[in-house]
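The lines below spell out each chain.
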Amino acid sequence: MYKVISFLSIITVLFSACSSSPSAAEIGQYTTMEVDPTVDAGTVAKGEVVETTITLKNTGDYPLIIADVKEACSCTVSEYPEEPIAPGETGTIKASIDTDRTGKGVINKPVTITANTRPSTTTVTITAKVIG
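Residues numbered from 1 in each chain as written. Predicted model: local features only at pLDDT ≥ 70, side-chain atom pairs only at ≥ 80, totals over all residues. Heavy atoms only, no water.

### Describing the overall build of the protein chain
Stage number 1. Secondary structure summary: the protein chain contains one helix and eight strands in total.
Stage number 2. Counting from the amino terminus, the protein chain carries its helices and strands in the arrangement α-β-β-β-β-β-β-β-β.
Stage number 3. A total of 132 residues make up the protein chain; the buried ones form 38% of that total.
Stage number 4. For the protein chain, contacts bridging at least 24 residues in sequence account for 65% of all contacts bridging at least 6.
Stage number 5. Accessible surface, the protein chain as shown: approximately 7,400 Å² in total, 51% of it carbon and sulfur. (Helix = DSSP H or I, 4+ residues; strand = E, 2+ residues; numbered from the N terminus. Buried < 20%, exposed > 50% of the residue type's maximum accessible area, 1.4 Å probe, protein only. Contact = heavy atoms within 4.5 Å. Areas by Shrake-Rupley, 256 points an atom, 1.4 Å probe, with all protein chains shown as cover.)

Spelled out as structure tokens, the structure:
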């Protein structure tokens with residue numbers, strides 16, 4: 001069911017992004033992206049809000065369209081680019097973790113990015129060591 005919804009989301013975004021300009025996305029245009037699989041937020045105090053930035057680079061030949069970003073739990077909130085990212089360009093995803101809602105010690109919070117890539121989902125893990 002999740003894969004069907006993700007696929008339909010990508011198709012919807014691709015339809016809405018079409019225009020006559022050469023940089024517009026079209027159905028069936030898959031691209032590639034470069035992203036670090038882990039973002040280390042370092043050591044933080046319990047109760048602190050950890051703010052991180054995930055940088056994406058479109059390494060393909062077509063516009064990169066971020067259809068959705070899903071967080072691991074309610075403690076992570078993300079903002080992501082709604083406009084296509086042109087080939088060779090970068091975009092960012094902003095994520096924050098409220099450590100009041102996590103345990104102490106090392107935390108690993110996955111963020112799943114759905115885009116017009118193959119495979120359509122990429123997971124980035126935000127790590128931090130929560131003390132005190």
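So, next bit.
### What about the sheet that holds strand β8 (residues 121–131)?
Stage number 1. Pairing within the open sheet is mixed, and its four strands lie in the order β2-β8-β7-β4. Looking at which strands have only one partner, the edges of the open sheet turn out to be β2 (38–45) and β4 (66–71). Within this sheet the neighbouring strands show an average axis-to-axis angle of 20 degrees, counted without direction.
Stage number 2. Relative to β8, strand β7 (residues 105–115) runs antiparallel, the two being bridged by 10 bridges. What sits directly across from Val-106, in β8, is Lys-129. (Pairing = 2+ DSSP bridges. Axes fitted to C-alpha atoms, helices over the stretch in contact; angles between N-to-C directions.)

### A closer look at the packing of aromatic side chains
Stage number 1. Evaluation of the coordinates by the stated rule reveals zero aromatic pairs.
Stage number 2. Here the guanidinium or amino end of Arg-118 rests over the ring plane of Tyr-30, the centre of that ring lying 3.8 Å away. (Phe/Tyr/Trp six-rings, centres within 6.5 Å; stacked < 30°, edge-to-face > 60°. Lys NZ or Arg CZ within 6 Å of the ring centre and 35° of its normal.)

### Looking at the nonpolar core
Stage number 1. The biggest cluster of nonpolar side chains holds 23 residues, and the ones touching the most others in it are Ile-54, Leu-56, Ile-66 and Ile-113.
Stage number 2. When contributions to this core are tallied by element, the ones reaching two or more residues are β2, β3 (49–58), β4, β6 (90–98), β7 and β8.
Stage number 3. Every residue in contact with Ile-66, bar those within four places of it in the chain, is listed here: Leu-56, Tyr-80, Pro-81, Ile-113, Thr-114 and Ala-115. (Core = buried A, V, L, I, M, F, W, Y, C linked by side-chain atoms within 4.5 Å.)

### Some remarks on the side chain of Ser-78
Stage number 1. For Ser-78, the location among the structural elements is in strand β5 (residues 76–79).
Stage number 2. By relative accessible area, which is 14% here, Ser-78 ends up buried.
Stage number 3. Dropping the residues within four chain positions of it, Ser-78 is found in contact with Val-69, Glu-71, Ile-93, Lys-94, Ala-95 and Val-111.

### Focus on the sheet that holds β6
Whenever strands of a sheet pair, they do so through backbone hydrogen bonds, lying parallel or antiparallel.
Stage number 1. What the four strands build is an open sheet, ordered β1-β3-β6-β5; its pairing is antiparallel. Among the strands making up the open sheet, the edge pair consists of β1 (33–34) and β5.
Stage number 2. One ladder, built from two bridges, connects β1 with β3; its direction is antiparallel. Along β3, the bridge assignment pairs Met-33 with Asn-58.

### So, the pairing of β5
Stage number 1. The alternating pattern of β5 places Thr-76 and Ser-78 on a buried face, while none of Val-77 and Glu-79, on the opposite face, is buried.
Stage number 2. For β5 and β6, the ladder comprises four bridges, and the chain directions are antiparallel. In the sheet register, Thr-76 faces β6, and the bridge partner there is Ile-97.

### Some details on the side chain of Thr-99
Stage number 1. Note on placement: Thr-99 falls in the loop between β6 and β7.
Stage number 2. Judged by its relative accessible area of 0%, Thr-99 is buried.
Stage number 3. Once residues lying within four places of it in the same chain are set aside, the contact partners of Thr-99 are Val-44, Ala-45, Lys-46, Gly-47, Glu-48, Val-50 and Val-130.

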